[in-house]
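Per-entry structural report
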Amino acid sequence: MTNSTEHIKETFTPTSDQNKSILARNYQTELMEQAKGENLIICLPTGSGKTYIAVMLIKEMASSIRESLKKGGKRTIFLVQTVQLAQQQTDYIRKHTGLLVESYYGEKGVDLWHKERWDIEFEDHQVLVFTAQVFRNLVGHDYFSLKSVNLIIFDECHHASGDNHYAALMNKHYDDCPDPPRVLGLTASITNKKIKRKDLMKHAQNLKETYRAEIVTRDESIQHGTSVNVETIPCPSYKDEILKKNESLIIPFDVR
């Protein structure tokens with residue numbers, strides 16, 4: 001991928017009867033290409049199009065999820081932290097891929113489903129969006145195996161710590177999988193804790209080890225993000241301003 005790469009215009013057919021088109025930015029295309037070849041944590045500002053990079057990768061790797069599981073096909077898993085995000089990401093992926101997408105979370109009563117019902121869900125859908133605990137429980141109860149997953153995406157992946165569902169999936173199941181899936185982490189921050197600058201590299205290393213992945217970012221994404229930029233502006237003290245305008249003035253509390 002060279003610096004001369006032009007914007008790539010993708011055209012696809014969603015579930016509606018009207019074609020849509022999206023203009024992928026250079027850094028989005030470059031990061032997607034890198035994610036095809038290795039586990040990756042993409043750290044970009046809010047509003048910079050992280051989810052669309054995930055959508056591009058899902059489509060690039062879609063050949064195996066178009067096959068039936070009974071014929072050796074696989075499934076793409078998208079993990080989120082909240083019900084609202086599950087609904088939001090399901091709608092987004094469905095709209096921009098035209099694939100068979102469904103969401104799963106506790107409020108749907110999925111905790112009461114038997115393995116036979118889950119077998120039907122996995123057979124009938126190609127991309128499955130879960131709240132993290134639901135998918136962790138499925139894998140933990142041997143209702144579904146990571147070896148049948150081609151790509152697992154962790155939204156807001158900086159939440160992985162301790163016995164968090166993200167961390168538990170990776171630490172307890174990933175390394176034991178004979179054919180582990182590609183991992184993609186999405187985040188706008190290395191950690192959700194307040195830390196000192198000197199501890200940043202330690203937290204970044206922990207994240208890399210948890211996801212068996214490299215962390216990447218792109219400076220050019222900043223201009224497209226919606227995160228607040230904080231600029232420090234030097235401001236002289238009010239005493240300096242007063243004395244500058246009134247050179248003969250003596251400030252009473254400066255008198256010893």
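For the structure given in this document, a descriptive report is provided here. Source: prediction; values computed, not measured.

What follows is about the overall build of the chain. On a plain count of helices and strands, the chain comes out with 8 helices and 9 strands. The proportion of buried residues among the 256 residues of the chain is 43%. Restricting to contacts in the chain with at least 6 residues of sequence separation, those with at least 24 account for 71%. With the model as given, the accessible surface of the chain reaches about 14800 Å², and the carbon-plus-sulfur share is 49%.

Right, let's talk about the pattern of salt bridges for a bit. Applying the stated criterion across every chain, the model contains 10 salt bridges. As a salt-bridge pair, Glu 30 and Arg 218 come within 3.6 Å of each other at their nearest N and O atoms. With Glu 30 in helix α1 (residues 26-37) and Arg 218 in the loop between β9 (214-216) and α8 (238-245), this pair connects stretches of sequence that are 188 residues apart. Taken individually, Glu 30 and Arg 218 each receive the classification buried, so the pair is uniform in this respect. A single network of salt bridges, built from pairs that share partners, joins Glu 33, Lys 36 and Glu 60.

Not every positive phi belongs to a glycine, and Asp 142 is a case in point at roughly 60 degrees. Taking the relative accessible area as the measure of exposure, Asp 142 reaches 62% and is therefore exposed. Of note, Glu 156 is a non-glycine position whose phi angle comes to about 50 degrees, a positive value. According to the relative accessible area criterion, Glu 156 is partly exposed, its value standing at 30%.

This brings us to the packing of aromatic side chains. When we look at a pair of aromatic rings, we describe it by the centre distance and by the angle of the planes. In the structure shown here, the tally under the stated rule is 11 aromatic pairs. Ring geometry for Tyr 104 against Trp 118: centres 5.3 Å apart, planes inclined by 55 degrees, an arrangement best described as tilted. Taken together, the positions of Tyr 104 in strand β5 (residues 101-104) and Trp 118 in helix α4 (residues 115-124) put the pair 14 residues apart, joining distant regions of the chain. Assigned by exposure class, Tyr 104 and Trp 118 land together as buried. Summarising the aromatic geometry, the rings of Trp 118 and Phe 130 are spaced 6.0 Å apart at their centres and angled 35 degrees between planes, so their arrangement reads as tilted. Of this pair, Trp 118 sits in helix α4 while Phe 130 sits in strand β6 (residues 127-131), and the two are 12 residues apart along the sequence. In this structure, Trp 118 and Phe 130 share a single accessibility class: buried. The ring of Tyr 104 has Lys 108 lying over it, and the distance from NZ or CZ to the ring centre is 5.9 Å. Between Arg 117 and the ring centre of Trp 113, over which it is positioned, the NZ or CZ distance is 3.7 Å.

Time to look at helix α5 (residues 132-140). Regarding α5, the residues found buried are Ala 132, Val 134, Phe 135, Arg 136, Leu 138 and Val 139. The inward-facing, buried residues of α5 contact β4 (75-80), β5, α4, β6, β7 (149-155) and α6 (165-174).

Thresholds applied
Sequence order as written defines residue numbering, which begins from 1 separately in each chain. Residues qualify for local features only when their pLDDT is at least 70, as the model is predicted, and side-chain atom pairs are given and counted only at 80 or more; totals for whole chains, interfaces and linings, by contrast, use all residues. Think of the side-chain values as coming from all heavy atoms in the structure, minus any hydrogens and water. A run of H or I in DSSP counts as a helix once it spans at least four residues, and a run of E counts as a strand once it spans at least two, with each numbered from the N terminus. Exposure is judged per residue with a 1.4 Å probe applied to protein chains only, and the accessible area is read against the type maximum: over 50% gives exposed, under 20% gives buried, and values in between give partly exposed. The contact criterion used throughout is that any non-hydrogen atoms of two residues lie within 4.5 Å. Residue burial considers only the protein chains on display, and all accessible areas are found by Shrake-Rupley using a 1.4 Å probe. Note on definitions: salt bridges are taken to be side-chain nitrogens of Lys or Arg within 4 Å of carboxyl oxygens of Asp or Glu. Between rings of Phe, Tyr and Trp, where Trp is taken as its six-membered ring, a pair exists when centres lie within 6.5 Å; planes separated by under 30 degrees are stacked, by over 60 edge-to-face, and by other angles tilted. Criterion for a charge above a ring: Arg CZ or Lys NZ at most 6 Å from the ring centre, at most 35 degrees from the ring normal.

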